[in-house]
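Letter by letter, the chains look like this.
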Amino acid sequence: MLNNMDKKGGFVISLDFELGWGVQDTNRDGSYDGNLHAVHTVVPRLLELFSKYAIHVTWATVGMLCVTSKTDLIQYLPCEKPTYSNTVFSSYEIMPSIQDKDPRYFAASLVELIKNTANQEFATHTFSHYYCVEDGQTKEQFISDLKSAKKIAQQPLKSIVFPRNQVNKDYLSICQKEGIRAYRGNPKHPLFKSEQFLDGWHFKRIYKIADSYLNLTGHHTFSLQQIEKNHIWNIQASAFLRPYYSRLKILENLKLKRIVKSLQYAAKNGEIYHLWWHPHNMGKNIDENFEFLEKVLVEFTKNKEKYNFQSYSMSDVVKNLEINN
Ligand SMILES: [Zn+2]
(Lines give C-alpha, C1' and ligand atoms only; values in the text may rest on other atoms or scores of the structure.)
Protein backbone atom coordinates (compact mmCIF):
# COMPACT_ATOMS: atom_id res chain seq x y z
CA MET A 1 0.00 0.00 0.00
CA LEU A 2 2.84 2.35 0.87
CA ASN A 3 4.21 2.48 -2.71
CA ASN A 4 0.96 3.93 -3.88
CA MET A 5 1.00 6.81 -1.54
CA ASP A 6 3.52 8.93 -3.39
CA LYS A 7 0.78 10.79 -5.19
CA LYS A 8 -1.65 10.76 -2.31
CA GLY A 9 -1.95 13.67 0.00
CA GLY A 10 -2.51 13.35 3.67
CA PHE A 11 -3.48 14.94 6.93
CA VAL A 12 -0.62 15.11 9.44
CA ILE A 13 -1.29 15.90 13.07
CA SER A 14 1.47 16.62 15.57
CA LEU A 15 0.91 17.45 19.21
CA ASP A 16 3.34 19.22 21.50
CA PHE A 17 2.87 17.28 24.72
CA GLU A 18 4.66 19.17 27.45
CA LEU A 19 2.47 19.85 30.52
CA GLY A 20 3.95 22.54 32.78
CA TRP A 21 7.45 22.25 31.26
CA GLY A 22 6.33 24.26 28.24
CA VAL A 23 4.68 27.10 30.10
CA GLN A 24 6.74 27.46 33.25
CA ASP A 25 7.90 30.96 32.28
CA THR A 26 4.44 32.23 31.30
CA ASN A 27 2.48 30.48 34.09
CA ARG A 28 4.36 31.88 37.06
CA ASP A 29 1.10 33.01 38.70
CA GLY A 30 -0.47 29.56 38.27
CA SER A 31 -3.38 30.93 36.24
CA TYR A 32 -2.89 28.18 33.64
CA ASP A 33 -2.83 25.32 36.19
CA GLY A 34 -6.42 24.33 35.39
CA ASN A 35 -5.43 23.60 31.79
CA LEU A 36 -2.42 21.56 32.94
CA HIS A 37 -4.45 19.37 35.32
CA ALA A 38 -7.02 18.86 32.57
CA VAL A 39 -4.39 17.31 30.26
CA HIS A 40 -4.90 14.08 32.22
CA THR A 41 -8.48 14.05 30.94
CA VAL A 42 -7.76 15.47 27.49
CA VAL A 43 -5.10 12.94 26.39
CA PRO A 44 -7.20 9.76 26.91
CA ARG A 45 -10.13 11.48 25.22
CA LEU A 46 -7.95 12.49 22.27
CA LEU A 47 -6.68 8.92 21.91
CA GLU A 48 -10.24 7.64 21.90
CA LEU A 49 -11.27 10.12 19.24
CA PHE A 50 -8.19 9.37 17.10
CA SER A 51 -8.97 5.64 17.34
CA LYS A 52 -12.58 6.25 16.31
CA TYR A 53 -11.47 7.95 13.08
CA ALA A 54 -8.25 5.89 12.59
CA ILE A 55 -6.09 9.01 12.85
CA HIS A 56 -2.29 8.77 12.90
CA VAL A 57 -0.66 11.32 15.20
CA THR A 58 2.86 12.34 16.23
CA TRP A 59 3.11 13.02 19.96
CA ALA A 60 6.17 15.23 20.41
CA THR A 61 6.70 14.70 24.12
CA VAL A 62 8.89 16.54 26.61
CA GLY A 63 11.16 13.91 28.17
CA MET A 64 10.83 15.26 31.69
CA LEU A 65 7.14 14.38 31.89
CA CYS A 66 7.71 10.68 31.07
CA VAL A 67 8.31 9.63 34.69
CA THR A 68 6.02 9.55 37.71
CA SER A 69 8.05 11.75 40.02
CA LYS A 70 10.90 14.16 40.50
CA THR A 71 12.79 11.39 42.32
CA ASP A 72 12.61 9.22 39.17
CA LEU A 73 13.58 12.14 36.96
CA ILE A 74 16.94 12.74 38.67
CA GLN A 75 18.60 9.68 37.05
CA TYR A 76 17.90 11.02 33.54
CA LEU A 77 19.15 14.59 33.95
CA PRO A 78 21.71 15.61 31.29
CA CYS A 79 25.31 16.24 32.25
CA GLU A 80 25.14 19.68 30.62
CA LYS A 81 22.16 21.92 31.29
CA PRO A 82 21.21 24.95 29.16
CA THR A 83 22.79 28.20 30.32
CA TYR A 84 20.19 30.61 28.86
CA SER A 85 21.05 34.28 29.34
CA ASN A 86 17.50 34.64 30.60
CA THR A 87 17.26 31.90 33.23
CA VAL A 88 13.47 32.11 33.25
CA PHE A 89 13.52 29.77 30.24
CA SER A 90 15.22 26.94 32.09
CA SER A 91 13.09 24.02 33.28
CA TYR A 92 15.80 23.27 35.84
CA GLU A 93 15.13 26.60 37.59
CA ILE A 94 11.69 25.53 38.74
CA MET A 95 12.59 21.98 39.80
CA PRO A 96 13.23 22.84 43.47
CA SER A 97 9.70 24.22 43.81
CA ILE A 98 7.95 21.20 42.26
CA GLN A 99 6.31 18.57 44.52
CA ASP A 100 7.55 15.02 43.95
CA LYS A 101 4.50 13.71 42.04
CA ASP A 102 2.97 16.96 40.78
CA PRO A 103 0.51 16.04 37.97
CA ARG A 104 1.21 19.38 36.32
CA TYR A 105 4.68 18.02 35.46
CA PHE A 106 4.57 14.22 35.41
CA ALA A 107 2.42 11.91 33.30
CA ALA A 108 4.09 8.49 32.94
CA SER A 109 0.70 6.76 32.65
CA LEU A 110 -0.35 9.00 29.74
CA VAL A 111 2.92 8.22 27.99
CA GLU A 112 2.17 4.50 28.32
CA LEU A 113 -1.32 5.05 26.98
CA ILE A 114 0.01 6.88 23.92
CA LYS A 115 2.65 4.21 23.26
CA ASN A 116 -0.01 1.49 23.50
CA THR A 117 -2.50 3.11 21.14
CA ALA A 118 -2.43 2.11 17.48
CA ASN A 119 -1.09 4.56 14.89
CA GLN A 120 0.36 6.95 17.46
CA GLU A 121 4.01 7.95 17.02
CA PHE A 122 5.88 8.67 20.23
CA ALA A 123 8.32 11.47 19.35
CA THR A 124 10.35 14.13 21.12
CA HIS A 125 9.81 17.74 22.08
CA THR A 126 13.33 17.62 23.63
CA PHE A 127 14.07 16.51 27.18
CA SER A 128 13.65 19.84 29.00
CA HIS A 129 11.60 21.89 26.51
CA TYR A 130 14.91 23.17 25.18
CA TYR A 131 14.93 26.53 23.37
CA CYS A 132 17.28 26.20 20.41
CA VAL A 133 17.61 29.86 19.39
CA GLU A 134 17.63 31.56 22.79
CA ASP A 135 20.84 33.29 23.84
CA GLY A 136 23.31 31.60 26.15
CA GLN A 137 22.64 27.92 25.31
CA THR A 138 25.17 25.89 23.30
CA LYS A 139 25.32 23.03 20.83
CA GLU A 140 26.90 20.74 23.45
CA GLN A 141 24.02 21.45 25.83
CA PHE A 142 21.53 20.58 23.10
CA ILE A 143 23.34 17.29 22.42
CA SER A 144 23.23 16.49 26.11
CA ASP A 145 19.51 17.31 26.27
CA LEU A 146 18.71 15.09 23.29
CA LYS A 147 20.66 12.16 24.76
CA SER A 148 18.57 12.42 27.93
CA ALA A 149 15.39 12.58 25.82
CA LYS A 150 16.38 9.31 24.15
CA LYS A 151 17.23 7.66 27.44
CA ILE A 152 13.97 8.55 29.16
CA ALA A 153 11.87 7.65 26.08
CA GLN A 154 13.19 4.08 26.25
CA GLN A 155 12.57 3.67 22.55
CA PRO A 156 13.99 5.18 19.35
CA LEU A 157 12.82 8.69 18.52
CA LYS A 158 12.19 9.34 14.83
CA SER A 159 10.66 12.83 14.88
CA ILE A 160 11.26 16.06 16.76
CA VAL A 161 9.26 19.22 17.28
CA PHE A 162 11.41 22.09 18.49
CA PRO A 163 9.93 23.95 21.48
CA ARG A 164 8.27 27.22 20.46
CA ASN A 165 9.11 26.18 16.90
CA GLN A 166 12.62 27.52 17.38
CA VAL A 167 14.34 25.71 14.52
CA ASN A 168 18.12 26.08 14.68
CA LYS A 169 19.50 24.79 11.36
CA ASP A 170 22.87 24.11 13.02
CA TYR A 171 21.22 21.53 15.25
CA LEU A 172 19.66 19.40 12.51
CA SER A 173 22.81 17.32 12.00
CA ILE A 174 22.84 16.58 15.75
CA CYS A 175 19.27 15.28 15.48
CA GLN A 176 20.30 13.09 12.56
CA LYS A 177 23.18 11.63 14.57
CA GLU A 178 20.73 10.71 17.32
CA GLY A 179 18.56 8.80 14.84
CA ILE A 180 15.88 11.44 14.27
CA ARG A 181 14.56 11.53 10.69
CA ALA A 182 12.16 14.52 10.66
CA TYR A 183 11.33 17.82 12.29
CA ARG A 184 8.36 20.12 12.06
CA GLY A 185 9.43 23.30 10.29
CA ASN A 186 7.49 26.53 10.24
CA PRO A 187 5.09 27.57 7.47
CA LYS A 188 6.93 29.39 4.68
CA HIS A 189 5.79 32.92 5.43
CA PRO A 190 7.68 35.73 7.23
CA LEU A 191 5.05 35.67 9.97
CA PHE A 192 6.18 32.20 11.08
CA LYS A 193 9.95 32.65 11.02
CA SER A 194 11.92 30.97 13.87
CA GLU A 195 12.72 33.58 16.47
CA GLN A 196 13.30 34.22 20.13
CA PHE A 197 10.25 34.17 22.37
CA LEU A 198 8.31 37.39 22.77
CA ASP A 199 5.60 37.29 25.41
CA GLY A 200 2.45 39.40 25.48
CA TRP A 201 0.40 41.04 22.76
CA HIS A 202 2.20 42.21 19.65
CA PHE A 203 1.43 42.71 15.97
CA LYS A 204 2.64 39.27 14.83
CA ARG A 205 0.55 37.48 17.44
CA ILE A 206 -2.60 39.36 16.44
CA TYR A 207 -1.89 38.69 12.75
CA LYS A 208 -1.41 34.98 13.51
CA ILE A 209 -4.72 34.84 15.38
CA ALA A 210 -6.53 36.60 12.53
CA ASP A 211 -4.93 34.11 10.10
CA SER A 212 -6.65 31.26 11.97
CA TYR A 213 -10.02 32.70 11.01
CA LEU A 214 -9.35 34.20 7.61
CA ASN A 215 -6.99 33.01 4.93
CA LEU A 216 -4.36 35.78 5.20
CA THR A 217 -1.20 33.75 4.57
CA GLY A 218 -2.31 30.79 2.39
CA HIS A 219 -2.95 27.08 2.94
CA HIS A 220 0.70 26.09 3.58
CA THR A 221 0.06 22.66 2.08
CA PHE A 222 2.81 20.87 0.13
CA SER A 223 3.46 17.77 -1.93
CA LEU A 224 5.81 14.96 -0.92
CA GLN A 225 8.15 16.10 -3.69
CA GLN A 226 8.37 19.56 -2.13
CA ILE A 227 9.56 18.30 1.24
CA GLU A 228 13.13 19.44 1.83
CA LYS A 229 15.90 17.59 3.58
CA ASN A 230 18.70 19.23 5.52
CA HIS A 231 20.16 16.23 7.36
CA ILE A 232 16.55 15.41 8.36
CA TRP A 233 13.23 15.95 6.58
CA ASN A 234 11.24 19.12 7.15
CA ILE A 235 7.61 18.13 7.59
CA GLN A 236 6.52 21.73 7.88
CA ALA A 237 3.46 22.89 9.77
CA SER A 238 0.45 24.23 7.91
CA ALA A 239 -1.56 25.63 10.81
CA PHE A 240 -2.04 25.79 14.55
CA LEU A 241 -5.39 24.57 15.89
CA ARG A 242 -6.47 27.45 18.06
CA PRO A 243 -8.56 26.58 21.11
CA TYR A 244 -12.13 27.71 21.67
CA TYR A 245 -12.36 31.24 23.05
CA SER A 246 -15.78 32.16 24.41
CA ARG A 247 -15.22 35.78 23.37
CA LEU A 248 -14.65 34.71 19.77
CA LYS A 249 -17.41 32.08 19.85
CA ILE A 250 -19.22 33.78 17.02
CA LEU A 251 -16.17 33.21 14.80
CA GLU A 252 -15.89 29.44 15.40
CA ASN A 253 -17.48 28.71 12.04
CA LEU A 254 -14.92 30.87 10.26
CA LYS A 255 -12.14 28.99 12.05
CA LEU A 256 -13.62 25.66 10.95
CA LYS A 257 -14.05 26.89 7.40
CA ARG A 258 -10.41 28.01 7.30
CA ILE A 259 -9.24 24.48 8.23
CA VAL A 260 -11.78 22.67 6.04
CA LYS A 261 -10.76 24.67 2.95
CA SER A 262 -7.09 23.87 3.50
CA LEU A 263 -7.87 20.17 4.05
CA GLN A 264 -9.92 20.09 0.84
CA TYR A 265 -7.22 21.92 -1.06
CA ALA A 266 -4.62 19.40 0.11
CA ALA A 267 -6.86 16.41 -0.65
CA LYS A 268 -7.77 17.58 -4.15
CA ASN A 269 -4.17 18.37 -5.03
CA GLY A 270 -2.56 15.31 -3.46
CA GLU A 271 -0.75 17.47 -0.89
CA ILE A 272 -0.09 17.38 2.82
CA TYR A 273 -1.85 19.50 5.43
CA HIS A 274 -0.14 19.53 8.83
CA LEU A 275 -2.10 20.71 11.85
CA TRP A 276 -0.60 21.05 15.33
CA TRP A 277 -1.53 22.11 18.84
CA HIS A 278 -0.88 21.27 22.50
CA PRO A 279 -3.16 18.96 24.52
CA HIS A 280 -3.25 21.67 27.21
CA ASN A 281 -4.83 24.10 24.72
CA MET A 282 -7.95 21.93 25.01
CA GLY A 283 -7.86 21.94 28.82
CA LYS A 284 -10.47 24.68 29.11
CA ASN A 285 -13.86 24.50 27.36
CA ILE A 286 -13.04 20.82 26.82
CA ASP A 287 -16.37 19.85 25.27
CA GLU A 288 -16.35 22.77 22.83
CA ASN A 289 -12.79 21.95 21.78
CA PHE A 290 -13.59 18.28 21.24
CA GLU A 291 -16.74 19.10 19.33
CA PHE A 292 -14.67 21.28 17.01
CA LEU A 293 -11.94 18.68 16.55
CA GLU A 294 -14.48 16.00 15.73
CA LYS A 295 -15.90 18.24 12.99
CA VAL A 296 -12.39 18.49 11.52
CA LEU A 297 -11.99 14.71 11.66
CA VAL A 298 -15.38 14.16 10.01
CA GLU A 299 -14.27 16.51 7.24
CA PHE A 300 -11.01 14.58 6.91
CA THR A 301 -13.00 11.33 6.57
CA LYS A 302 -15.07 12.79 3.72
CA ASN A 303 -11.87 13.72 1.90
CA LYS A 304 -10.43 10.29 2.61
CA GLU A 305 -13.41 8.64 0.95
CA LYS A 306 -13.52 11.04 -1.97
CA TYR A 307 -9.84 11.57 -2.77
CA ASN A 308 -8.10 8.71 -0.94
CA PHE A 309 -6.64 11.36 1.37
CA GLN A 310 -4.54 9.63 4.06
CA SER A 311 -3.86 10.12 7.75
CA TYR A 312 -0.15 10.35 8.54
CA SER A 313 2.12 10.77 11.52
CA MET A 314 5.38 12.59 10.75
CA SER A 315 7.23 9.28 10.57
CA ASP A 316 4.63 7.89 8.14
CA VAL A 317 5.50 10.78 5.82
CA VAL A 318 9.19 9.90 6.14
CA LYS A 319 8.44 6.26 5.25
CA ASN A 320 6.77 7.47 2.07
CA LEU A 321 9.65 9.77 1.24
CA GLU A 322 12.27 7.11 1.76
CA ILE A 323 10.40 4.51 -0.25
CA ASN A 324 10.36 6.95 -3.15
CA ASN A 325 14.00 7.96 -2.94
ZN1 LIG B 1 6.36 23.28 23.52
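Fair warning: this is a prediction, and the values are worked out from it, not measured in the lab. (Residues numbered from 1 in each chain as written. Predicted model: local features only at pLDDT ≥ 70, side-chain atom pairs only at ≥ 80, totals over all residues. Heavy atoms only, no water.)

Novice: So what exactly am I meant to see when it comes to the packing of aromatic side chains here?
Specialist: In this description, a pair of aromatic rings is defined by centroid distance and the angle of the planes. Throughout the structure, instances matching the rule amount to 16 aromatic pairs. Measuring from centroid to centroid gives 6.0 Å for Phe 11 and Tyr 273, while their planes differ by 20 degrees, and the two rings are stacked. Of the two residues, Phe 11 is situated in strand 1 (residues 10-17) and Tyr 273 in strand 9 (residues 272-277); the sequence distance between them amounts to 262 residues. We note that Phe 11, like Tyr 273, is buried. On the numbers, 6.3 Å between centres and 70 degrees between planes, the contact of Phe 50 with Trp 59 is edge-to-face. Feature note: the residues Tyr 84, Phe 89, Tyr 130, Tyr 131, Phe 142, Phe 162, Tyr 171 and Tyr 183 constitute an aromatic cluster, connected by ring pairs. (Phe/Tyr/Trp six-rings, centres within 6.5 Å; stacked < 30°, edge-to-face > 60°. Helix = DSSP H or I, 4+ residues; strand = E, 2+ residues; numbered from the N terminus. Buried < 20%, exposed > 50% of the residue type's maximum accessible area, 1.4 Å probe, protein only.)

Novice: Which parts of the structure should I look at to understand the coordination of the zinc ion?
Specialist: When a metal holds four donors in a tetrahedron, each ideal angle between them is 109.5 degrees; when it holds six in an octahedron, the ideal angles are 90 or 180 degrees. Coordination of the zinc ion by the protein comes from Glu 18 (OE), His 125 (NE2) and His 129 (NE2), over a distance range of 1.9 to 2.1 Å. Mapped onto the sequence, the donors of the zinc ion take the spacing E-x106-H-x3-H. Judged by its relative accessible area of 0%, His 125 is buried. What makes His 129 buried here is its relative accessible area of 1%. (Donors = N, O, S within 2.8 Å, 3.2 Å for Na, K, Ca; no water.)

Novice: For this particular structure, what's the right way to read the pattern of salt bridges?
Specialist: Any two side chains of opposite charge can pair if their charged atoms end up close together. Applying the stated rule across the entire model yields 14 salt bridges. Note that Glu 322 and Arg 181 form a salt bridge whose closest N and O atoms lie 2.3 Å from each other. One end of the pair, Glu 322, is in helix 10 (residues 314-323); the other, Arg 181, is in the loop between helix 6 (172-177) and strand 5 (182-183), with 141 residues separating them in the sequence. The class for Glu 322 is partly exposed, based on a relative accessible area of 33%. (Salt bridge = Lys/Arg side-chain N within 4 Å of Asp/Glu carboxyl O.)

Novice: What am I meant to see in unusual backbone geometry here?
Specialist: Most peptide bonds adopt trans geometry, and most residues besides glycine take a negative phi value. In the Ramachandran plot, Leu 19 falls in the positive-phi region, its phi being about 50 degrees despite a non-glycine side chain. Mapping Leu 19 onto the fold places it in the loop between strand 1 and helix 1 (33-52). What makes Leu 19 buried here is its relative accessible area of 1%.

Novice: Could you clarify how one ought to interpret empty space enclosed by the protein in this entry?
Specialist: Where empty space is left becomes clear once a probe the size of a water molecule has been rolled over the atoms. For the structure on display, the rule yields two cavities of 30 Å³ or more. Considering only enclosed or pocket space, the largest cavity measures out at about 50 Å³ in volume. Leu 241, Arg 242, Pro 243, Tyr 244, Lys 255, Trp 277, Met 282, Asn 289 and Phe 292 together form the lining of the largest cavity. Of the residues that constitute the lining of the largest cavity, the class distribution is six nonpolar, one polar and two charged. In this structure, the second largest cavity spans a volume of roughly 40 Å³. Elements with a contribution of two residues or more to the lining of the second largest cavity: strand 3 (120-124) and helix 5 (139-153). Of the residues belonging to the lining of the second largest cavity, the class tally is seven nonpolar, four polar and no charged. (1 Å grid on protein atoms, 1.4 Å probe; cavity = no way out; pocket = protein on both sides within 12 Å on 5 of 7 lines; lining within 4 Å. Points joined across faces, edges and corners; volume = space filled by probe spheres on them. Nonpolar A, V, L, I, M, F, W, Y, C, P; charged D, E, K, R; others polar.)

Novice: Looking at this model, I keep getting lost on the side chain of Asn 281. Mind explaining?
Specialist: Note that Asn 281 resides in the loop between strand 9 and helix 9 (286-307). Residue Asn 281 is classed as buried on the basis of its relative accessible area, which comes to 11%. Engagement of the side chain of Asn 281 in a polar contact is seen with the backbone nitrogen of His 278, the distance being 2.8 Å. (Polar contact = N/O pair within 3.5 Å; in protein donor to acceptor, adjacent residues only side chain to side chain.)

Novice: Even after reading the chapter, I still don't get the side chain of Lys 255, so can you show me in this structure?
Specialist: Position of Lys 255 relative to the elements: it lies in helix 8 (residues 252-269). You can call Lys 255 buried: its relative accessible area is 2%. Looking at Lys 255, its side chain comes within polar contact range of the main-chain oxygen of Pro 243, at 3.4 Å. A polar side-chain atom of Lys 255 sits 3.1 Å from a polar atom in the side chain of Glu 252. Among residues more than four places away in sequence, those in contact with Lys 255 are Ser 212, Tyr 213, Arg 242, Pro 243, Tyr 244 and Phe 292. (Contact = heavy atoms within 4.5 Å.)

Just distances and angles here, no functional claims.
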